[in-house]
Structure formats: structure tokens, C-alpha cells
Amino acid sequence: MKLNAIIDCDPGHDDVMAILLAGRTMNLCGITTVHGNASLENTTYNARQVVEFADLTSVPIAKGNARPLVRNPQYAPAVHGETGLDGPNMAPPTVALHPRNAVDFILESSHTIPDLHLLPIGPLTNIAAALNLDPTLPQRVKQISLMGGSLTWGNITPAAEFNIYCDPEAAHVVFTSGIPIKMIGLNATHQVLARPEYRRRVRSIGSTTSTHVADMLDFYSRGESGGTGLEGGAMHDPLAVAALIDPEILTFEPMHVAVEYVGSRTAGMTLCDGRHLGTDFRAAKARRRGEPPNAEVAIIANEKRFWELFLDILATYP
Ligand code: RIB
Ligand code: CA
């Protein structure tokens, strides 16, 4: 039984991987776009290109917020390029946008789609705006699986991961909403990389989609590796999808997560109360302290199993 899902994203190379994985393994009821890796205009243009080359044009795309709730927008051209999806040579999109904006689309969908799962994989502005507009939304959302934050350290600052750093006020609204949350943070996503061997296997599929994806992963890995020194780009966003479709890929630990939005050096930090964990962050039986858990935090990822799934799914696209 496929789960009903809406992906809220800022394509973004790894966002594309999430859309492709969800397009075959979930009942993808919609894609909503948000500022983040690039401007809203660019992330929305990129999302339209993806659904066209992947033949997913039956999935509606609704355009969201162009800027965070409070702060100024910031983008990530060093990793994703000026367009937000540099690398592949794709045709300009022709598919029309949904007539509703992302927030209204999410709220209307919550009234018509049962057991709705939200998968935010960019800054949380749209989700927070929907919660602020209709505080009853949590009664109609089964679960949020989000890529963001970290149990350990960030990628924009030592404390903050990009999606949370861009709009920490929005993240605070989401993490205090009461909706069940799976948080897939950098501590887990950096365990799953687009290593050269995996990129070779993607390109060897030989389809239009896999060639675009290989070009994306090559470009993205150059940018990510330039920052992390790791041997490939981390598969951040598709892991938020994998968390809901294959329980063997990620291991979670319930924790309280607080979002820091005041600190001069820590703004954007997801402060996870893991004091009951062992020193290797593996679940230990130490005594829990502090506030009760409001999220399941990913602590271990199975890279091999992820890539077996992703390559199988990729091979089904034109
Ligand atoms: O920090 C990684 C996250 O920021 C990913 O969602 C990536 O697409 C960027 O949005
Ligand atoms: Ca993203």
C-alpha cells in the first residue's frame, strides 16, 4: 500500500533524487516548492523540468514562499550552481503550475487526502506558514519525514544544517507542532554518499533520466565534496523518502529536538537531547532526562541498501 505524500522541496540536486524515489514508491499527491538551494523562481522551474523528463507530469506542482518567515533568503550556488540544478542539459519545462500556492495546496490536500505524509526537504517555511494559517493542520497530517538538522554538527556552521539555518523560526514552528516527525539529519545522511562507483552504475543504466541524474550527481558531488572532503555528495533528501518506504535503511532514536533561533553562533542548531545514548550515538540504556521526545532522530543509515533501492527505482524511468 503506497503512502499518500506531498514533497516540499527546493530542487536542488538531491531534491530531484527524492522526487524520483517517491514517484515510484509513494502515492505522490503533490510537489510544493520553496526558496532554499536557489531562488523560488529557480527551484520551481527546476521542479517542472524534473516532472517532465521523468514523465511525472500527473503530479501537481504548487509554488510556495520566496523567503523565510523572518530572515533574508540565502542560496547554495557553490553546491547546486546558479540555477540550483546545474550540470545536466535539460529541455525548458512546459508543464503548468497548480493554480493554488503551496500553503493553500497543502491545507486543501489535508482535507481531501487521508493519512497524509509531508516530506519537507528544504527550508521549512511553507510547512510553518501552513501551520500558522491553520493550527488544526496537525489533526490531518499522519507524519512528517524531513531532511534537516543534525544530531551532531552542521554544514553551514558547526551548529547548523542548511535547511534549518535558512529558516530556524519556521523549523521551531514545525518541531513544536505536535505532528509525529522523523528527522533525517546530516549525522545520518553523510553515511550515504554518491560514491564514484555508484555514479558509474547510475550512468550505465543509459536512459534519459539516468543520464540527467548522473550529470546531476557528478556536478553535485564536486560541490559537496569541495566542502566535506568526502568522496561523493551526500544523498540527503532521498533518505527522507527512504525513511518511510524501507524501515531497514535508517535506524531512529526518539529524542527531544529544540531549534535554536536566537544564538549568535548557534542559530539553526537542532539541539537533540541524546544524553541517554552511548558515546557512539548508538542507542544505550542510560536514563532519559529532559523534555519528552518530539521526534525520531536518524542515527544509523545503510548505504548499500539505499543504493540497491535507488538504482532499481531509477531503472524504471524513461
Ligand atoms: O543540508 C542539506 C540540505 O540542504 C538538502 O536538503 C539540500 O537539498 C539543501 O536543501
Ligand atoms: Ca533540499
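Residues numbered from 1 in each chain as written. Chains lettered and ligands numbered in written order. Predicted model: local features only at pLDDT ≥ 70, side-chain atom pairs only at ≥ 80, totals over all residues. Heavy atoms only, no water.

Student: I tried to follow helix α2 (residues 40-53) on my own but got confused; where do I start?
Tutor: Spacing of three or four residues puts side chains on the same side of an α-helix, whose turn is 3.6 residues. Helix length check: α2 (14 residues) gives 20 Å between terminal C-alpha atoms against 20 Å at 1.5 Å per residue, within 8%. Summarising burial for α2: 10 of the 14 residues are buried, a large majority. Among all positions of α2, only L40, T43, T44, N46, A47, R48, Q49, V50, V51 and F53 are buried. Contact partners of the buried residues in α2: α1 (13-25), β2 (27-33), β3 (61-63) and α10 (208-228). Of the residues one or two after α2, D55 is the one with positive phi, at around 60°. (Helix = DSSP H or I, 4+ residues; strand = E, 2+ residues; numbered from the N terminus. Expected span 1.5 Å × (residues − 1). Buried < 20%, exposed > 50% of the residue type's maximum accessible area, 1.4 Å probe, protein only. Contact = heavy atoms within 4.5 Å.)

Student: Explain the nonpolar core here, please?
Tutor: Soluble globular proteins: nonpolar side chains tend toward being buried together. Membership of the largest hydrophobic core comes to 59 residues, with the highest contact counts inside it found for I7, I31, L217, M235, L250, F306 and W307. What I31 contacts, discounting residues up to four positions off in sequence, is I7, C9, I19, A47, V51, V59, P60, I61 and A62. In terms of nonpolar packing, the next biggest core, distinct from the first, is built from 38 residues, A128, A170, F175 and C272 among them. (Core = buried A, V, L, I, M, F, W, Y, C linked by side-chain atoms within 4.5 Å.)

Student: Looking at this model, I keep getting lost on the site of ligand 1. Mind explaining?
Tutor: Lining the immediate environment of ligand 1, one finds D10, D14, D15, N37, I121, M147, N155, E161, F162, N163, H236 and D237. For ligand 1, an oxygen atom lies 3.0 Å from a polar atom in the side chain of D15. The separation between an oxygen atom of ligand 1 and a polar side-chain atom of N155 is 2.9 Å. Relative to its free-state accessible area of 280 Å², ligand 1 is covered by the protein chains to the extent of 96%. Contributions of two or more residues to the shell around ligand 1 are made by α1 and α6 (162-166). (Near = heavy atom within 4 Å. Polar contact = N/O pair within 3.5 Å; in protein donor to acceptor, adjacent residues only side chain to side chain. Areas by Shrake-Rupley, 256 points an atom, 1.4 Å probe, with all protein chains shown as cover.)

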